[in-house]
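Letter by letter, the chains look like this.
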Amino acid sequence: MRLDKFLADMQIGSRKEVKKYIKGRLVRVNGQVVTSDKTQVTEEDQILFDGQPVIYQKYFYYLLHKPQGVVSATTDRRDPTVLSLLKEDAREDLFPVGRLDKDTEGLLLITNDGELAHRLLSPKKHVEKEYFAKIDGIMTKEDVAAFAQGVTIDGGEETMPAELTLLTRDETTQTSEIRLILHEGKFHQVKRMVKAVGKKVTYLKRLRMGSLVLEDSLKLGTYRPLTADEIAQLQVTNEEKSLRNNQTT
Ligand code: URA
């Protein structure tokens, strides 16, 4: 690949900036200063920027705290996308893993690792997704029992069992707050499950996806790279974890 693309992909700067750095003799390839941005390099070459090694990184992982009003897509003709919240020089091959509705907030993983995304979204892997929701109506113990069995959502689909926790209830306003853990990801699933028991979601936030947790300190609309530990944890799905546990007991 071209040296300027390599450096831009490794987040040294925008394509324009890295061209300047190369012209400014700040970049060495295998010990030699190079001044052409067209120089071809591979992962094996030793590349220094301003004396510091630039280590090749194929995959990038970010945890975004999605705000309302942006869509979980790479492009959209009408609405801003979650990718528009990333820095201008972010890699062009990033995409969101799965979807949150336009009016849903919370944890969204952004990566260019297609294989990991596929595993996390695979219906067979049952990766847990945990949500906090505000409800118009009072969610009840009967709803907890119904969700634990699985409910029929509109269109006649059966959901898998889901763990519903009742957090607060306000009799005066006839509203309540819940936490819900799903093991699958059907379209508008939380809203449709709540509708199936006769109530309405008025606010929805995803708190967790598998082992990945949204921390309180990550402000709405901002993002951060995943830690090495978080990436390693994500590579192992629940099924594989329980398989390992069973093998060791
Ligand atoms: N369930 C929903 O209804 N909406 C979301 O955005 C995510 C889960």
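In this text the structure is predicted, and so the values were computed from the model without any measurement. (Residues numbered from 1 in each chain as written. Predicted model: local features only at pLDDT ≥ 70, side-chain atom pairs only at ≥ 80, totals over all residues. Heavy atoms only, no water.)

Explain the overall build of the protein chain here, please?
Looking only at helices and strands, the protein chain has seven helices and 15 strands in total. The C-alpha atoms of the protein chain give a radius of gyration of 23 Å, which is well past the 18 Å a tight globule of 249 residues would have. If one aligns the C-alpha atoms of the protein chain with their principal axes, the spans along those axes are about 70 × 50 × 35 Å. At a minimum sequence separation of 6, the contacts of the protein chain that also span at least 24 residues come to 62%. Total accessible area on the protein chain is roughly 14,000 Å²; 51% of this is exposed by carbon and sulfur atoms. (Helix = DSSP H or I, 4+ residues; strand = E, 2+ residues; numbered from the N terminus. Rg over C-alpha atoms; globule rule 2.2 N^0.38 Å. Contact = heavy atoms within 4.5 Å. Areas by Shrake-Rupley, 256 points an atom, 1.4 Å probe, with all protein chains shown as cover.)

What's the story with the packing of aromatic side chains in this structure? I'm lost.
Pairs of aromatic rings are described using the distance from one ring centre to the other and the angle between the two planes. A complete count under the given rule lists four aromatic pairs for this structure. Measuring from centroid to centroid gives 5.0 Å for Tyr21 and Phe49, while their planes differ by 40°, and the two rings are tilted. Highlighted residues: Tyr21 in helix 2 (residues 15-23) and Phe49 in strand 3 (residues 47-49), separated in sequence by 28 residues. A ring pair is formed by Tyr62 and Tyr223, whose centres lie 5.5 Å apart and whose planes are at 90°; its orientation type is edge-to-face. Remark: Tyr223 occurs in strand 15 (residues 223-225) and Tyr62 occurs in strand 5 (residues 61-66); sequence separation between them is 161 residues. Among the residues examined, Tyr62 registers a relative accessible area of 10% and is labelled buried. (Phe/Tyr/Trp six-rings, centres within 6.5 Å; stacked < 30°, edge-to-face > 60°. Buried < 20%, exposed > 50% of the residue type's maximum accessible area, 1.4 Å probe, protein only.)

So what exactly am I meant to see when it comes to the pairing of strand 8 (residues 129-136) here?
Looking down a regular strand, the side chains alternate between one sheet face and the other. Counting buried residues along strand 8, six of its eight residues qualify, which places the element largely inside the surrounding structure. Of the pairings in the sheet, the one linking strand 8 to strand 12 (residues 175-182) comprises eight bridges and is antiparallel in character. The residue of strand 12 that forms the bridge with Ile135 is Ser176. Summarising the sheet, strand 8 and strand 13 (residues 200-209) pair through eight bridges and their orientation is antiparallel. If you follow Ala133 over to strand 13, its bridge partner there is Leu204. (Pairing = 2+ DSSP bridges.)

I keep staring at the nonpolar core and nothing clicks. Help me out?
Soluble, globular proteins show a tendency: their nonpolar side chains are buried together. One finds Leu3, Leu7, Ile47 and Ile110 to be the most contacted residues of the largest nonpolar core, which totals 44 residues. Sorting elements by how many residues they give to this core places helix 1 (residues 3-9) first, with four residues. Dropping the residues within four chain positions of it, Leu3 is found in contact with Ile22, Val27, Val29, Val34, Ser36, Asp37, Thr39, Val41 and Ile47. In this structure, Val97, Leu116, Leu212 and Leu214 belong to the second largest nonpolar core, which totals 15 residues. (Core = buried A, V, L, I, M, F, W, Y, C linked by side-chain atoms within 4.5 Å.)

How do you make sense of the site of the ligand when you look at a structure like this?
In the neighbourhood of the ligand, the contacting residues comprise Leu100, Asp101, Thr104, Tyr131, His188, Gln189, Val190, Lys191 and Leu204. Contact distances for the ligand include 2.7 Å between an oxygen atom and a backbone N or O atom of Asp101. A distance of 3.1 Å separates an oxygen atom of the ligand from a polar backbone atom of Lys191. Considered on its own, the ligand offers 240 Å² of accessible surface; in the complex 96% of this is hidden by protein. Ranked by the residues each element gives to the shell around the ligand, the list is headed by helix 5 (residues 189-196), at three residues. Looking at the shell around the ligand, its residues break down into four nonpolar, three polar and two charged. (Near = heavy atom within 4 Å. Polar contact = N/O pair within 3.5 Å; in protein donor to acceptor, adjacent residues only side chain to side chain. Nonpolar A, V, L, I, M, F, W, Y, C, P; charged D, E, K, R; others polar.)

Just to check I follow, could you spell out helix 3 (residues 114-121) for this structure?
An α-helical segment advances 3.6 residues per turn. Residues three or four places apart therefore align on the same side. By the burial criterion, the buried members of helix 3 are Leu116, Ala117 and Leu120. Seen from one end, helix 3 has its buried residues packed into an arc of 100°, which puts them on one side. Every exposed residue of helix 3 that faces more than 90 degrees away from the buried side is listed here: Glu115 and His118. Of the surrounding elements, those touching the buried residues of helix 3 are strand 5, strand 6 (95-96), strand 7 (104-111), strand 13 and helix 6 (228-235). (Arc of directions from axis to C-beta.)

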